[in-house]
Amino acid sequence: MSEHGDKIYGLMKELFPICRSLTGDGLRYTLARIAEEIPLVEYEVPSGTQVFDWTIPDEWNPRSAWIETPSGKRICDFSENNLHLLNYSMPFEGEVGLEELKKHIYTRPDLPDAIPYVTSYYQRRWGFCMRHSDFEALQPGKYRVMIDVELRPGSLTYADLVLPGDTEEEILLSTYICHPSMANNELSGPALTTYLAKYLMAKKNRHYTYRFVFAPENIGV
């Protein structure tokens with residue numbers, strides 16, 4: 001792997017464990033880390049702001065989440081893999097039976113060993129994601145559920161970097177920063193874009209103006 005390839009991969013490794021979403025501290029930490037490489041300018045858009053055909057949702061910050069089986073084993077632990085928690089899950093604490101619990105668990109039967117990525121930006125519900133093979137092994141009984149998250153009005157954060165050129169004609173490069181631990185679907189874009197920006201910053205003569213945007217993906221209502 002080249003020197004630049006090593007650095008891109010290293011940045012991806014740093015950012016991979018962070019739980020990101022449309023809003024929240026994980027997203028801000030990601031931008032702060034990228035800003036150590038390139039001089040980003042950050043913007044905050046308050047919750048409830050109308051943006052074309054969608055609305056900025058409340059800010060979501062998860063702290064911990066897990067399920068405890070009737071035998072006392074902890075499963076779907078957010079601290080082990082942040083994909084286990086339904087992204088934008090509402091908080092919940094309580095004891096439920098297996099049939100009720102199943103209503104709040106999301107799997108991919110066609111990929112039985114994969115933890116799916118499921119979101120609920122605009123629907124208030126609590127839930128978990130797990131491997132379908134583990135889902136099928138759940139036994140009857142009472143399950144203790146803990147979801148400790150903060151979901152309240154806040155803001156959505158995004159950032160950009162503009163590199164002026166000899167002309168005002170602008171080339172726009174945009175990359176998403178909202179997905180959690182999924183390398184191909186998310187981190188390859190921000191990491192590569194960061195180092196492309198560094199490369200262009202070092203060029204003495206730029207014909208075009210370049211705008212780099214690091215933002216959550218657009219979603220419809």
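Since we're looking at a predicted model, the values are computed, not measured. (Residues numbered from 1 in each chain as written. Predicted model: local features only at pLDDT ≥ 70, side-chain atom pairs only at ≥ 80, totals over all residues. Heavy atoms only, no water.)

Thoughts on the sheet that holds strand β10 (residues 155-163)
Taken together, four strands build an open sheet; the order of strands is β1-β10-β12-β11 and the sheet is mixed. Each edge of the open sheet is held by one strand with a lone partner, namely β1 (41-46) and β11 (170-176). Averaged over all adjacent pairs, the angle separating strand axes in this sheet is 20°, with direction ignored. Bridge count between β11 and strand β12 (residues 209-215): seven bridges; the pairing is parallel. In the strand pairing of β12, Glu-170 is matched with Thr-209. Here helix α2 (residues 25-35) sits on the sheet and contacts β1, β10 and β12; the angle it forms with β10, its principal contact strand, is near 20°. Running over the sheet, helix α5 (residues 183-201) touches β10, β11 and β12 and is turned about 150° from β12. (Pairing = 2+ DSSP bridges. Helix = DSSP H or I, 4+ residues; strand = E, 2+ residues; numbered from the N terminus. Axes fitted to C-alpha atoms, helices over the stretch in contact; angles between N-to-C directions. Contact = heavy atoms within 4.5 Å.)

Some remarks on the pattern of salt bridges
Under the defined criterion, the tally for this structure stands at 15 salt bridges. For Arg-211, the salt bridge is made with Asp-160, and the minimal N-O distance between the two is 3.1 Å. Taken together, the positions of Arg-211 in strand β12 and Asp-160 in strand β10 put the pair 51 residues apart, joining distant regions of the chain. Among the residues examined, Asp-160 registers a relative accessible area of 8% and is labelled buried. Through salt bridges with shared partners, a single ionic network connects Glu-14, Arg-33, Glu-36, Glu-37 and Lys-198. (Salt bridge = Lys/Arg side-chain N within 4 Å of Asp/Glu carboxyl O. Buried < 20%, exposed > 50% of the residue type's maximum accessible area, 1.4 Å probe, protein only.)

Some details on the nonpolar core
One finds Ile-67, Leu-101, Phe-128, Leu-138 and Ile-147 to be the most contacted residues of the largest nonpolar core, which totals 25 residues. Per-element tally for this core: the top contributor is strand β9 (residues 142-152), with four residues. Not counting residues within four places of it along the chain, the set of residues in contact with Leu-101 comprises Ile-67, Val-96, Trp-126, Tyr-143 and Val-145. Core analysis: the next-biggest nonpolar cluster, separate from the first, contains 22 residues, Ile-18, Tyr-195, Ala-197 and Phe-212 among them. (Core = buried A, V, L, I, M, F, W, Y, C linked by side-chain atoms within 4.5 Å.)

A word on the packing of aromatic side chains
All told, the structure shown has four aromatic pairs when counted by the stated rule. Ring geometry for Trp-60 against Tyr-88: centres 5.5 Å apart, planes inclined by 20°, an arrangement best described as stacked. In this pair, Trp-60 is assigned in strand β4 (residues 59-68) and Tyr-88 in the loop between β5 (74-75) and β6 (92-97), connecting sequence segments 28 residues apart. Note on Tyr-88: relative accessible area 1%, which makes it buried. Judged by centre distance (4.3 Å) and plane angle (10°), the rings of Phe-92 and Trp-126 are stacked. Taken together, the residues span a long stretch of sequence, with Phe-92 in strand β6 and Trp-126 in the loop between β7 (105-106) and β8 (128-129) at a distance of 34 residues. For Phe-92, a relative accessible area of 24% gives the class partly exposed. The exposure class of Trp-126 is buried, given its relative accessible area of 8%. In this structure an aromatic cluster arises from ring pairing among Trp-60, Tyr-88 and Tyr-121. (Phe/Tyr/Trp six-rings, centres within 6.5 Å; stacked < 30°, edge-to-face > 60°.)

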